[in-house]
Amino acid sequence: SALSMARSMHVMTSNARVCIIPGDGAAPEAMLASLQVLDALDLPIDFDAVPPGSELLDLSIAEREALIRERVDDSDTALFGSSDGTTPGAQYLRWGKLTFANVRPIRWRPGFHSPLRDPTEIDYVIVRENLEDMYVGVMGEAKALLDAGLTDPRSRLPLGASEGRFAAKIITRPGTEQVARFACELALQRSGRLTVSAKTNMLPATDRWFCEIAREISEEYAGVEYEEFIVDDMAHRLVVRPQDIDVLLLPNLYGDILSDLGAGTIGGLGLAPSGCYGHEFAYFESAHGTAPDLVGKGTINPTATLLSAAMMLRHLHLKDAADRLERALEHVYLSNSDLTTDQGGEATTERFADAVIGAL
């Protein structure tokens, strides 16, 4: 298979080196199909694939982490499936490599089966801060907050509360500044419009501060037009006025949620790519999960993985190959004859990939 072939490539060449992490659930099926398409592009890339998560279960957690770390460190970038925790790659790719900006393009293409009457103008990019916010993992018993005096009257927690949990939301100035600069630079590559959103009316210490810092940074960039909305209003706008958005900067949690909402407006998570960028490393993955309900059925849509691969190719300065891949995908969707079930068709994952290869 293309996966086992990629796994065997360890020769030293002048080609770019890409670590393939197939992931868990049905994600390896989407990855296998995507690798077959990428092989047809005849790229100057050496692919090095680690085993799917299900094949790593005989290793200890420490051994799995060491394997992923070694292979990632030996690569220029990585193409990642989705993980349910069996594959430890997500932790290292994000926090180990400090990939602070999660870029999630939301773009409708002709042939995508959107639930909206007119999705034709949907073409924006969500930049999600990727390391902070509610995902820092600081959690515990609410009593610890009470004992430390870290509550106020709005907490509505009785002093004798015997049950309760908390999760800390942490925003830092350095973390916000670096992702805001990333978003401003991306905005200048597009229309110059930057939209920032958070729960500014209820969370002044974190969310309002995030937006204030983003506004400060935007003022350093001539040509960036800044606007700001409360996040619940933003959710509404992404459905009724998505054409007004170009680059949307969000804290971690809201970025995770609203990017799924955006994917729904263009036709589903099977169409949603993403890339995670740091100062020294970037990796690319579909925005969907492991799709455990599709395991072994051969029907998972590999479009999100392929579009993530196109982002990866641009990162590797292989723009012509990325354009070819996207044009081939668009051809298949316009033909409307080899689409997977999530797009109203009856094609298997393999048949869809064959159609893309044929379009190439």
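Everything in this summary refers to the structure shown in the same document. (Residues numbered from 1 in each chain as written. Predicted model: local features only at pLDDT ≥ 70, side-chain atom pairs only at ≥ 80, totals over all residues. Heavy atoms only, no water.)

1. Section: unusual backbone geometry
Its identity is not glycine, yet Asp133 carries a phi of approximately 65°, on the positive side. Locating Asp133 in the fold gives a position in the loop between β5 (123-129) and β6 (139-141). The exposure class of Asp133 is buried, given its relative accessible area of 0%. One non-glycine residue, His317, adopts positive backbone phi at about 65°. Along the chain, His317 falls in the loop between α10 (303-315) and α11 (319-335). (Helix = DSSP H or I, 4+ residues; strand = E, 2+ residues; numbered from the N terminus. Buried < 20%, exposed > 50% of the residue type's maximum accessible area, 1.4 Å probe, protein only.)

2. A look at α11
Given a rise of 1.5 Å per residue, 17 residues ought to cover 24 Å, and the 24 Å separating the end C-alpha atoms of α11 matches this to within 8%. Looking at the packing, one finds that the buried side of α11 touches α2 (27-40), β4 (101-107), α10 and α12 (349-359). Just downstream of α11, Asn336 is the residue with a positive phi angle, here 60°. (Expected span 1.5 Å × (residues − 1). Contact = heavy atoms within 4.5 Å.)

3. Describing the sheet that holds β4
Across the sheet, ten strands lie side by side as β2-β1-β3-β12-β11-β4-β5-β10-β8-β9; this open sheet has mixed pairing. Each edge of the open sheet carries a strand with a single partner, namely β2 (45-49) and β9 (225-230). The sheet shows a mean angle of 25° between the axes of neighbouring strands, taken without regard to direction. In the sheet, β4 pairs with strand β11 (residues 273-277) via three bridges, with the strands oriented antiparallel. Bridging across to β11, Val103 finds its partner in Gly275. Most of the contacts of helix α7 (residues 204-218) go to strand β8 (residues 193-198), to which it runs at about 165°, and overall it touches β5, β8, β9 and β10 (247-250). (Pairing = 2+ DSSP bridges. Axes fitted to C-alpha atoms, helices over the stretch in contact; angles between N-to-C directions.)

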